[in-house]
Amino acid sequence: MAAFAVAYLVAELPLWIPALYLVMSGCGFAAYGLDKSAARAGRQRVSEQTLLTVGVLGGWPGALVAQQVFRHKTRKRSFRRMFWFTVVINIAVLADLVYAAVTQPGALDLPFLTALGGV
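Presented here is a report on the structure given in the accompanying data block. (Residues numbered from 1 in each chain as written. Predicted model: local features only at pLDDT ≥ 70, side-chain atom pairs only at ≥ 80, totals over all residues. Heavy atoms only, no water.)

What to know about helix 3 (residues 48–69)
And step 1. The terminal C-alpha atoms of helix 3, which comprises 22 residues, lie only 18 Å apart, well short of the 32 Å expected from a rise of 1.5 Å per residue.
And step 2. Maximum bend of helix 3: about 120°, positioned at Gly59, with proline Pro61 one to four residues after it.
And step 3. Inspection of helix 3 places Leu51, Leu52, Val54, Gly55, Gly58, Gly59, Trp60, Pro61, Gly62, Ala63, Ala66 and Gln67 among the buried residues, and these make up the whole buried set.
And step 4. Check the buried side of helix 3 and you find it contacts helix 2 (16–41) and helix 4 (77–103).
And step 5. Just past helix 3, the residue Arg71 takes up positive phi, approximately 50°. (Helix = DSSP H or I, 4+ residues; strand = E, 2+ residues; numbered from the N terminus. Expected span 1.5 Å × (residues − 1). Bend = angle between axes of the 7 residues up to and from the residue. Buried < 20%, exposed > 50% of the residue type's maximum accessible area, 1.4 Å probe, protein only. Contact = heavy atoms within 4.5 Å.)

So, the packing of helix 2 against helix 4
And step 1. In contact at an axis separation of 13 Å, helix 2 and helix 4 are set at 170° when each is read in the N-to-C sense. The orientation of helix 2 relative to helix 4 falls into the category roughly antiparallel. Across from Ile17, Tyr21 and Tyr32 in helix 2, the residues of helix 4 making contact are Phe79, Phe83, Asn90, Leu94 and Leu97.
And step 2. Partitioned by chemical class, the residues of the contact of helix 2 with helix 4 number 7 nonpolar, 1 polar and no charged. (Axes fitted to C-alpha atoms, helices over the stretch in contact; angles between N-to-C directions. Parallel < 35°, antiparallel > 145°, perpendicular 65-115°, else oblique. Nonpolar A, V, L, I, M, F, W, Y, C, P; charged D, E, K, R; others polar.)

Quick look at the structure:
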């Protein structure tokens, strides 16, 4: 998270990127909590594919916290392997976004958001 904060400040990333990570991390945390609750109650579970998708779309920090808080999805080795693979993919995409922000200022600005106030 510290590296992300530094990248945000130094590369002058647009606000939509940290906002996306914040929202998706909340979704990831909630999805793991719902899945743990469903597992305990014997209800229909959140699919592993959904959990991994939320993670790769930027929700992995919240998912990582949820895994520890709920003690959920910490033992299944195949899931953990895929989870960390999605984290690597997401970090690679983020690194590409940081590179684009540094080398092409304004390239990541979203015109419709910029018109609304510089997000």
